[in-house]
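Chain by chain, the residues:
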Amino acid sequence: MKTSLLGINGIKVLSRESQRSIKGQAKLDLSKCGCSCSGSVTGPSYCNIYFACLQVYTCEETS
């Protein structure tokens, strides 16, 4: 498979040193994720991938 990828224009093999120099990451703030009283995931769209809520989730009412 590696040889078939190298046949595409603009594709090259990165050395280990050049791979180490690449910086960056996806910044996902899971603190924005939560659960609603109905048990559905709330927050940004990526929360559904990384976060799960109980199917039966109840909220306590405060008076």
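Quick note: structure is the one above.
A brief structural summary. This structure is a prediction, so every number in the text was calculated from the model and none was measured.

Structural notes on the pattern of salt bridges
Argument step 1. Counting across every chain of the model gives one salt bridge.
Argument step 2. With its nearest N and O atoms 3.5 Å apart, the salt bridge here joins Glu17 to Arg20. With Glu17 and Arg20 both in helix H2 (residues 16–21), this residue pair falls three residues apart, about one helical turn.
Argument step 3. The exposed category is assigned to Glu17, whose relative accessible area is 56%.
Argument step 4. Residue class for Arg20 comes out exposed when judged on its relative accessible area of 59%.

Focus: the environment of Tyr50
Argument step 1. Tracing the chain through its elements places Tyr50 in helix H3 (residues 47–50).
Argument step 2. Note: C-alpha distance between Tyr50 and Leu30 (20 residues apart in sequence) is 7.9 Å.
Argument step 3. Not counting chain neighbours up to four residues away, the residues in contact with Tyr50 comprise Leu28 and Leu30.

Description of the environment of Leu14
Argument step 1. For Leu14, the location among the structural elements is in the loop between helix H1 (2–6) and H2.
Argument step 2. When neighbours within four sequence positions are excluded, Leu14 is seen to be in contact with Gln19 and Ile22.

Let's talk about the side chain of Ser36
Argument step 1. Here Ser36 lies in the loop between strand E1 (34–35) and strand E2 (41–42).
Argument step 2. A distance of 2.9 Å separates the side chain of Ser36 from the side chain of Ser38, its partner in a polar contact.
Argument step 3. There is a polar contact of 2.9 Å between the side chain of Ser36 and the side chain of Ser40.

Topic: the state of the cysteines
Argument step 1. In this structure the tally under the stated criterion is two disulfides.
Argument step 2. The disulfide partner of Cys33 is Cys47, and the gap between their sulfur atoms is 1.9 Å. An S-S torsion of about -80° defines the bridge between Cys33 and Cys47 as left-handed. A residue pair is termed long-range when its members are at least 10 positions apart, and Cys33 in the loop between H2 and E1 and Cys47 in helix H3 qualify at 14 residues. Residue Cys33 shares its accessibility class with Cys47, and that shared class is buried.

Cut-offs and rules
Residues numbered from 1 in each chain as written. Predicted model: local features only at pLDDT ≥ 70, side-chain atom pairs only at ≥ 80, totals over all residues. Heavy atoms only, no water. Salt bridge = Lys/Arg side-chain N within 4 Å of Asp/Glu carboxyl O. Helix = DSSP H or I, 4+ residues; strand = E, 2+ residues; numbered from the N terminus. Buried < 20%, exposed > 50% of the residue type's maximum accessible area, 1.4 Å probe, protein only. Contact = heavy atoms within 4.5 Å. Polar contact = N/O pair within 3.5 Å; in protein donor to acceptor, adjacent residues only side chain to side chain. Disulfide = S-S within 2.5 Å.

Treat this as a map of the structure, not an account of what it does.
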